[in-house]
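# Descriptive structure summary
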Amino acid sequence: MRVMGSRSPERVLPRFHAWKIVRRSNDSVGDQVQHLVDRLEPVRAELVALCSDDEVSPVMQVVRYFGDPDGVEASPDGIAWDQAKDWPRPLGWHLPLSVLEFLVATRTELDIDEYDFESGQPQEYSKSASV
């Protein structure tokens with residue numbers, strides 16, 4: 001976790017607080033976001049109260065790195081993607097209604113960046129959404 005910002009009212013630096021959670025897994029972006037929302041659910045009421053302040057601008061930022069041109073390695077043993085439940089999904093992701101409701105309740109913007117390292121130089125593909 002990192003916390004940055006001015007501790008002195010005389011300084012011009014804006015206050016900024018960020019929590020950084022790293023989860024290295026083969027889960028899809030949607031599954032990883034669901035995992036984070038599940039961890040935050042016990043403090044949902046407190047987050048809703050905090051985020052109701054107009055000076056609070058909550059953002060959930062997700063960064064995904066991949067090196068394969070299709071975003072994942074080939075499906076194991078040629079199994080169809082919809083049948084390979086324990087294998088990462090190619091390039092797509094899905095957020096269930098429960099996650100969208102959490103983001104709306106906490107007035108949280110969703111910012112997702114994806115980086116492709118296949119060419120040796122990172123290329124950024126960025127998506128942002130306000131819910």
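Here the structure is a predicted model, which means the values were calculated and not measured.

Regarding its fold elements, the chain presents three helices and five strands. In the chain, the succession of helices and strands from N to C terminus is β-β-α-α-β-α-β-β. Within the chain, the fraction of its 131 residues that count as buried is 26%. Put simply, of all contacts in the chain between residues at least 6 apart along the chain, 52% involve residues at least 24 apart. Accessible surface, the chain as shown: approximately 9700 Å² in total, 53% of it carbon and sulfur.

Looking now at the packing of helix H1 (residues 29-40) against helix H3 (residues 97-105). Running from N to C, H1 and H3 point in directions that differ by 55 degrees, and their axes come no closer than 10 Å. By the angle between their axes, H1 is oblique relative to H3. In the crossing of H1 with H3, the sense of the turn from one axis to the other is left-handed. Contacts between H1 and H3 involve Val33, Gln34, Val37 and Leu40 from the first element and Ser98, Val99 and Phe102 from the second.

Right, let's talk about the confidence of the model for the chain for a bit. Caution is warranted with low-pLDDT regions, since their predicted coordinates should not be read in detail. Per-residue confidence for the chain gives a mean pLDDT of 74; residues scoring 70 or more make up 56%. Within the chain, strand S1 (residues 2-4) has the poorest average pLDDT of any element, 46, and H3 the best, 96.

Turning to H3, its buried residues number three or more, namely Val99, Phe102 and Leu103. Projected onto a plane normal to the axis of H3, the buried residues spread over an arc of 95 degrees and lie on a single side. Directly beyond the C-terminal end of H3, a positive phi value near 55 degrees is found at Arg107.

For the structure on display, the rule yields two salt bridges. Two residues, Asp54 and Arg107, come together in a salt bridge whose shortest N-O distance is 3.9 Å. On the criterion of sequence distance, the pair formed by Asp54 in the loop between helix H2 (44-51) and strand S3 (59-66) and Arg107 in the loop between H3 and strand S4 (109-116) is long-range, its members being 53 residues apart. For Asp54, a relative accessible area of 67% puts it in the exposed group.

Looking now at the nonpolar core. Grouped together as the largest cluster of nonpolar side chains are 13 residues, with contacts concentrated most on Val33, Val37, Met60, Val62, Val99 and Leu110. For this core, the element with the most residues is H1, which contributes four residues.

This part covers unusual backbone geometry. Unlike most non-glycine residues, Arg107 shows phi in positive territory, near 55 degrees. Residue classification places Arg107 among the partly exposed positions, given a relative accessible area of 38%.

The rules we used
Residues numbered from 1 in each chain as written. Predicted model: local features only at pLDDT ≥ 70, side-chain atom pairs only at ≥ 80, totals over all residues. Heavy atoms only, no water. Helix = DSSP H or I, 4+ residues; strand = E, 2+ residues; numbered from the N terminus. Buried < 20%, exposed > 50% of the residue type's maximum accessible area, 1.4 Å probe, protein only. Contact = heavy atoms within 4.5 Å. Areas by Shrake-Rupley, 256 points an atom, 1.4 Å probe, with all protein chains shown as cover. Axes fitted to C-alpha atoms, helices over the stretch in contact; angles between N-to-C directions. Parallel < 35°, antiparallel > 145°, perpendicular 65-115°, else oblique. Left-handed = near helix turned anticlockwise from the far one by under 90°. pLDDT = per-residue confidence, 0-100. Arc of directions from axis to C-beta. Salt bridge = Lys/Arg side-chain N within 4 Å of Asp/Glu carboxyl O. Core = buried A, V, L, I, M, F, W, Y, C linked by side-chain atoms within 4.5 Å.

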